[in-house]
Amino acid sequence: MTRPSGSQRNKSERVCVGAVAGAYGVRGEVRLKSFCAEAEAIGSYGPLWSEDGTRSFEITLGAAVAQGFAARLSGVQSREQADALRGLRLFVDRARLPSLPDDEFYHADLIGLEVFDTGGTSLGRVNAVLNHGASDLLELVSPGRKGAVLLPFTQAIVPTVDLAAGRIIADPPEGLLE
């Protein structure tokens, strides 16, 4: 990633670090997709929590598999239990995450920020941070515009991220927003 997911702003007490993609094998293991910059780091952040905070899991990573890891979650004993967790997003307490350099941000901290161009005109709000392999993209949505705009999240195009003020300053390429 050009500018990976971190911040000092305490937007949320928990940050999504992965998701269960389904069962793996017949003994209760799951296929776990990591959203961490270093995928295997997800194994060191435990316990991981469900989004609503009602369930917590200790995690033991197994072998790397397509798009993730085979993993054992505490309390999951059967394939049926593992498959029932498909789609479960897993969160970690923000305090357990490492501090990041000033030019890196956790995706969760960017979502919801308002984006302005260098002249001060609002371009929309960050709806999601996407990465399809090359670099991060900010998905911007704004009232009155059909569909979202994907803004490359590079230093040249997004020179300023001000988490304290809750805004991003961008210099989008000509023609991107028309």
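That block above? That's the structure.
Below or above, wherever it landed, is the structure these notes cover. Each residue is numbered by its place in its chain's sequence as written, counting from 1. Where local features are concerned, this predicted model is filtered to residues with pLDDT of at least 70; where side-chain atom pairs are given and counted, the filter is 80 or more; whole-chain, interface and lining totals use all residues. The side-chain values count all of the structure's non-hydrogen atoms but skip hydrogen atoms and water molecules.

**Re the overall build of the protein chain**
- Across its full length, the protein chain holds two helices and 13 strands.
- Each principal axis of the C-alpha distribution contributes one length, and for the protein chain these read about 55 × 30 × 25 Å.
- Each residue is placed in one exposure class: buried if its accessible area under a 1.4 Å probe, protein chains only, is under 20% of its type's maximum, exposed if it is over 50%, and partly exposed if it falls in between. Per-residue burial for the protein chain yields a buried fraction of 41% across its 178 residues. Per the convention used, a helix needs a DSSP run of H or I reaching at least four residues, while a strand needs a run of E reaching at least two, with both numbered from the N terminus.

**Let's talk about the sheet that holds strand S2 (residues 29–34)**
- Strand pairing is assigned whenever DSSP identifies at least 2 bridges connecting the two strands. Here we have seven strands laid out as an open sheet, ordered S4-S3-S7-S1-S2-S6-S5, and antiparallel in their pairing. Edge positions in the sheet fall to strand S4 (56–57) and strand S5 (59–65), since each has one partner strand and no second.
- Note that strand S1 (residues 14–24) and S2 share six bridges and pair antiparallel. In the strand pairing of S2, Val20 is matched with Leu32.

**Points about the sheet that holds strand S10 (residues 136–141)**
- Pairing in this open sheet of six strands is mixed, and the strands run S11-S10-S9-S8-S13-S12 from one edge to the other. Lying at the two open borders of the sheet, with one neighbouring strand each, are strand S11 (149–152) and strand S12 (160–162). Between one strand axis and the next, the sheet turns by 35° as a mean value, whatever way the strands run.
- Across six bridges, strand S9 (residues 122–131) lies against S10 in antiparallel orientation. Its bridge partner lying in S10, Ala128 is registered against Glu139. Fitting a line to C-alpha atoms yields each axis, with helices limited to the stretch in contact; the angle taken between N-to-C directions then spans 0 to 180 degrees.

The values reported here are purely geometric and, on their own, carry no functional implication.
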